[in-house]
Amino acid sequence: REFKMAMALSSLLTLTGFVRATAFSTPFAEAIAVTTALFLIVFSSICLGAVLPLGLKRIGVDPAHSSTSIQVIMDILGVMLAVGVSSLLLDSPLGSFLISKFSWVS
């Protein structure tokens, strides 16, 4: 159930982010990098938010602590995902190849 919700919410926010990026004339490669990072961040946040309380309960820690833990984890993971995706899509030969194949605007 959480996986379906994560996919639905991530997809909706990614589509919205891509529409906004293209509306503001963001270069295609950058729009793809930002929206891909957005998808991964939202998806991982929802999945981790569903699993972390269960994991804490299993090891004997109060699951209420998961709310503050998820904030810190997602701050760090969000930055790492954004930098990683941007580096992969904007600074690598693989990213250049993928963007050239999927870009309809130069």
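Before reading further, recall that the structure is shown in the block above.
Predicted, not measured: the structure shown is a model, and the values here were computed from it. (Residues numbered from 1 in each chain as written. Predicted model: local features only at pLDDT ≥ 70, side-chain atom pairs only at ≥ 80, totals over all residues. Heavy atoms only, no water.)

**Section: the overall build of the protein chain**
- Assigned secondary structure in the protein chain consists of 4 helices and 0 strands.
- Ordering the α and β elements of the protein chain from the N terminus gives α-α-α-α.
- Radius of gyration (C-alpha) of the protein chain: 16 Å, far over the 13 Å computed for a compact globule of 106 residues.
- For the protein chain, the C-alpha atoms occupy an extent of roughly 55 × 25 × 20 Å along the three principal directions.
- Relative to its full complement of 106 residues, the protein chain shows a buried share of 23%.
- Counting every atom, the protein chain has about 7,300 Å² of accessible surface; 71% of that belongs to carbon and sulfur.
- Each charge class in the protein chain can be summarised by its mean position, and for the 6 positive and 5 negative side chains these summaries are 13 Å apart. (Helix = DSSP H or I, 4+ residues; strand = E, 2+ residues; numbered from the N terminus. Rg over C-alpha atoms; globule rule 2.2 N^0.38 Å. Buried < 20%, exposed > 50% of the residue type's maximum accessible area, 1.4 Å probe, protein only. Areas by Shrake-Rupley, 256 points an atom, 1.4 Å probe, with all protein chains shown as cover. Lys, Arg positive; Asp, Glu negative; His and termini not counted. Charge placed at Lys NZ, Arg CZ, Asp CG, Glu CD.)

**A word on unusual backbone geometry**
- One non-glycine residue with positive phi stands out, namely Ser25, at about 60°.
- Here Ser25 lies in the loop between helix H1 (2-23) and helix H2 (28-58).
- Overall, the relative accessible area of 63% leaves Ser25 in the exposed class.

**Section: H1**
- Between its first and last C-alpha, H1 extends 31 Å over 22 residues, near the 32 Å set by a 1.5 Å rise per residue.
- Considered for burial, the residues of H1 that qualify are Ala6, Ser10, Thr14, Phe18 and Ala21. Each buried residue of H1 lies within a common arc of 85° when the element is viewed along its axis, so the set occupies one face. Along H1, the residues that are exposed and aim more than 90 degrees away from the buried face are Lys4, Met5, Leu12, Leu15, Arg20 and Ala23.
- Each element contacted by the buried residues of H1 is listed here: H2.
- Taken from the residues just after H1, Ser25 is the one with a positive phi, measuring 60°. (Expected span 1.5 Å × (residues − 1). Arc of directions from axis to C-beta. Contact = heavy atoms within 4.5 Å.)

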